[in-house]
Structure formats: C-alpha cells, structure tokens
Amino acid sequence: MFRGGVTMTWEELFGKAAAFAGSLPPGILINLSHSDCHNTGIVVVWYWAY
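Student: So, the environment of glycine 41: which residues are in play, and what are the values?
Tutor: Here glycine 41 lies in strand E3 (residues 40-47). Sequence spacing of glycine 41 and glycine 4 is 37 residues, and the spatial spacing of their C-alpha atoms is 5.0 Å. Among all residues touching glycine 41, those that are not within four sequence positions of it are Phe2, Arg3, Gly4, Trp10, Leu13, Ser35 and Asp36.

Student: Residues and numbers for the packing of aromatic side chains, please.
Tutor: In the structure shown here, the tally under the stated rule is three aromatic pairs. With 5.6 Å between their ring centres and 25° between their planes, tryptophan 10 and phenylalanine 14 make a pair best called stacked. In this pair, tryptophan 10 and phenylalanine 14 are both assigned in helix H1 (residues 10-23), four residues apart and thus about one turn of the helix distant. Looking at tryptophan 10, the relative accessible area reads 36%, which means it is partly exposed.

Student: Lay out the sheet that holds strand E2 (residues 29-37) with the relevant residues and their values.
Tutor: Ordered in space as E1-E3-E2, the three strands form an open sheet in which the pairing is antiparallel. Both outer strands of the open sheet, strand E1 (2-4) and E2, are each paired with one neighbouring strand and no more. Strand-to-strand, the axes of this sheet are offset by a mean angle of 15°, without reference to chain direction. Here E1 runs beside E3; their pairing, made up of three bridges, is antiparallel. What sits directly across from arginine 3, in E3, is isoleucine 42. Helix-sheet contacts for H1 involve E1, E2 and E3, and the interaxial angle to E3 is about 10°.

Cut-offs used in this document
Residues numbered from 1 in each chain as written. Predicted model: local features only at pLDDT ≥ 70, side-chain atom pairs only at ≥ 80, totals over all residues. Heavy atoms only, no water. Helix = DSSP H or I, 4+ residues; strand = E, 2+ residues; numbered from the N terminus. Contact = heavy atoms within 4.5 Å. Phe/Tyr/Trp six-rings, centres within 6.5 Å; stacked < 30°, edge-to-face > 60°. Buried < 20%, exposed > 50% of the residue type's maximum accessible area, 1.4 Å probe, protein only. Pairing = 2+ DSSP bridges. Axes fitted to C-alpha atoms, helices over the stretch in contact; angles between N-to-C directions.

If you want it as structure tokens, here you go:
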C-alpha cells in the first residue's frame with residue numbers, strides 16, 4: 001500500500017506504486033486500486049504472495 005498526501009503529487013504516488021508493481025515477478029500481479037480520502041491518496045498493489 002502506498003499513501004500520499006500534501007507532500008507528494010498524484011504522479012509521484014502512482015509512479016512509486018507502478019515501479020513496485022513493475023518489479024514483481026511475472027504472473028503474480030493481480031490489480032492496482034486507488035482511493036482519495038480528504039486529499040490523502042492511497043494506492044494498493046494486489047499480488048499473489050507465495
């Protein structure tokens with residue numbers, strides 16, 4: 001889970017989450033989801049853990 005706020009832009013937040021998702025081995029990434037709650041962005045990277 002990646003959380004951003006007033007100190008991080010949406011682009012930076014999504015960039016960090018995308019970089020992590022891109023570093024996962026092939027076949028274990030399930031999905032990415034995002035939410036905004038009172039100017040705090042949250043991105044969750046869903047993946048299979050072995």
